[in-house]
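Structural description and commentary
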Amino acid sequence: MRTFKRPESLYDNSTHYCPGCGHGIAHRLVAQVIDELGIREKVIGVAPVGCAVVAYDYWNFDCSEAAHGRALAVATAIKRVHPENIVFTYQGDGDLAAIGTNETIHAANRGENLTVIFINNAVYGMTGGQMAPTTLLHQKTSTSLEGRNAALHGYPLKISEMLALLPGVCYIERVAFDSPQGILKAQQAVKLAFENQINNLGFSLVEILSPCPTYWGLNPKAALDWIQEVMKKEFPLGRLK
Amino acid sequence: MAKVIINVQKCKGCLLCLNFCPKGLIKKSKKLNLRSLNYVEFDPQGECLGCLQCAVVCPECCIEIRE
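Description of the structure in this document. (Residues numbered from 1 in each chain as written. Chains lettered and ligands numbered in written order. Predicted model: local features only at pLDDT ≥ 70, side-chain atom pairs only at ≥ 80, totals over all residues.)

With respect to the interface of chain B and chain A
Interfaces are often sized by the amount of accessible area the parts lose when they come together. Contact residues are listed per partner, giving 22 residues for chain B and 22 residues for chain A. Of all the secondary-structure elements, those providing two or more residues to the side of chain B that touches chain A are α1 (16–20), α2 (53–57) and β4 (63–66) of chain B. Element by element, the count of residues in the side of chain B that touches chain A is highest for α2 of chain B, at four residues. A breakdown of the residues in the side of chain B that touches chain A according to their chemical character gives 12 nonpolar, four polar and six charged. (Contact = placed C-beta atoms within 7 Å. Helix = DSSP H or I, 4+ residues; strand = E, 2+ residues; numbered from the N terminus. Nonpolar A, V, L, I, M, F, W, Y, C, P; charged D, E, K, R; others polar.)

A look at helix α9 (residues 220–234) of chain A
Residue and element names in this part refer to chain A. Look at α9: 20 Å from first C-alpha to last across 15 residues, which is about the 21 Å you get at 1.5 Å a residue. Along α9, the helix axis deviates most sharply at I227, where the bend reaches about 40 degrees. Those residues of α9 that fall on the buried side of the exposure criterion are P220, A223, L224, W226, I227 and M231. (Expected span 1.5 Å × (residues − 1). Bend = angle between axes of the 7 residues up to and from the residue. Buried ≥ 20, exposed ≤ 12 C-beta atoms within 10 Å, placed from the backbone.)

Some details on the sheet that holds strand β1 (residues 43–47) of chain A
All names here are of chain A. Strand order in the open sheet formed by seven strands is β2-β1-β3-β4-β8-β7-β9, with mixed pairing between adjacent strands. Looking along the sheet, the strands with just one partner apiece sit at the ends: β2 (62–65) and β9 (238–239). In this structure, strand β3 (residues 86–92) lies alongside strand β4 (residues 115–120), joined through five bridges in parallel fashion. Following the sheet pairing, Y90 is matched in β4 by I117. Docked against the sheet, helix α7 (residues 180–198) engages β3, β4, β7 (169–176) and β8 (203–209), running at close to 165 degrees with respect to β7. (Pairing = 2+ DSSP bridges. Axes fitted to C-alpha atoms, helices over the stretch in contact; angles between N-to-C directions.)

A short note on helix α1 (residues 22–37) of chain A
Residue and element names in this part refer to chain A. Taking 1.5 Å per residue, 16 residues should reach 22 Å; α1 reaches 23 Å between its end C-alpha atoms and fits that length. Along α1, 13 of the 16 residues are buried, which leaves the element largely enclosed by surrounding structure. One or two steps after α1, the chain reaches G38, where phi turns positive at roughly 65 degrees.

As structure tokens, this is what we get:
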């Protein structure tokens, strides 16, 4: 019989996230992997700007905050000054794939020995559900009321596919919080991304398709189904590098 | 049989656990917690498989499973 309890790297407090939000699951996965690898005293997380801006309130290990989109620049500095530490960034799509695209591409291209947890929920959550670069075509948001139109707004940005082309990148995988099985697969991917850094293999990124029930206008279960039926077609799962 | 312990004060009533329980042992309570949210309750008489799906999918990490 298996047992399950809160990982030590996760505080026993309540999050500010909406009911059914994927951030809580992602926080737990990161904490669980850190416990499994026994690196809690060595790890330094870099929190983004976005819904997860106060992620450090939930994790029981050292964290730093970065300006919007600059998490990988801050993480690069921390890792270079403290190479013995395990440094990771936790970023949403507004942070990593919009305002922080520049930092993301250059950190990956330099092959920084970092781990990136990229939460893709296809909208800007914190500011009110506006269209993000990752918003799907025809997806309605508060700034694309008729749905995203390719002629007007361009196409969804597939940052993981772009980064997989760079020689400095060691590991890229896209996973989805569409079911308990998907969450367990995501946990394996997050663990591998941390192991790569421990083994000095270079830049690793795990993109997680994560539900935002509030701004998708769906109930939490329907949001998971939407990932399975719609989002995975635009953002296919699997190991990209 | 596994024992499911739910921290009802942390529960936000998203009902994901309820949707994934293969035995239907989790129900939405009519009672409210201190945050005025309808939390979920586990049926202690039910035969829990210990599959962990409810705990894995819980965004608030408020479900603990013991033997």
